[in-house]
Amino acid sequence: MKKLILNIVLVFALIISVSSCRETKAEKAAEAVENTTEEAVEETEGALEKTGKAIDNVVEETEEAVEATEEAVEEIDGDDN
């Protein structure tokens, strides 16, 4: 009887130790979501940086175009006098 109880306890302990080490579907899903989120953040950051640089370039080119137009208008006005 003593050996039977001891064996049952040992089997129970083995079952608990094996089942507690398994990765559940929820853990796998959470890890997949985390990885996907990290990838999306990295891609978004890169896109935002590129967009910011493109906007800066457009603003700079627009300012240069405005200055060139102003100079051309002044030149035309100066020719008429």
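The structure displayed is predicted, hence computed values, not measured ones.

(A) Focus on the overall build of the chain. If you tally the helices and strands in the chain, you get two helices and zero strands. The globule rule puts the C-alpha radius of gyration for 81 residues at 12 Å, and the 35 Å found for the chain is more than 25% above it. The C-alpha extent of the chain, read off along each of the three principal axes, is 120 × 15 × 10 Å. Classification of the 81 residues of the chain by burial places 0% in the buried group. Within the structure as shown, the chain displays about 7,600 Å² of accessible surface, and the carbon and sulfur contribution to it stands at 60%. Side-chain charges in the chain split into 7 positive and 23 negative, and the spacing between the mean points of these groups amounts to 45 Å.

What counts and how
Residues numbered from 1 in each chain as written. Predicted model: local features only at pLDDT ≥ 70, side-chain atom pairs only at ≥ 80, totals over all residues. Heavy atoms only, no water. Helix = DSSP H or I, 4+ residues; strand = E, 2+ residues; numbered from the N terminus. Rg over C-alpha atoms; globule rule 2.2 N^0.38 Å. Buried < 20%, exposed > 50% of the residue type's maximum accessible area, 1.4 Å probe, protein only. Areas by Shrake-Rupley, 256 points an atom, 1.4 Å probe, with all protein chains shown as cover. Lys, Arg positive; Asp, Glu negative; His and termini not counted. Charge placed at Lys NZ, Arg CZ, Asp CG, Glu CD.

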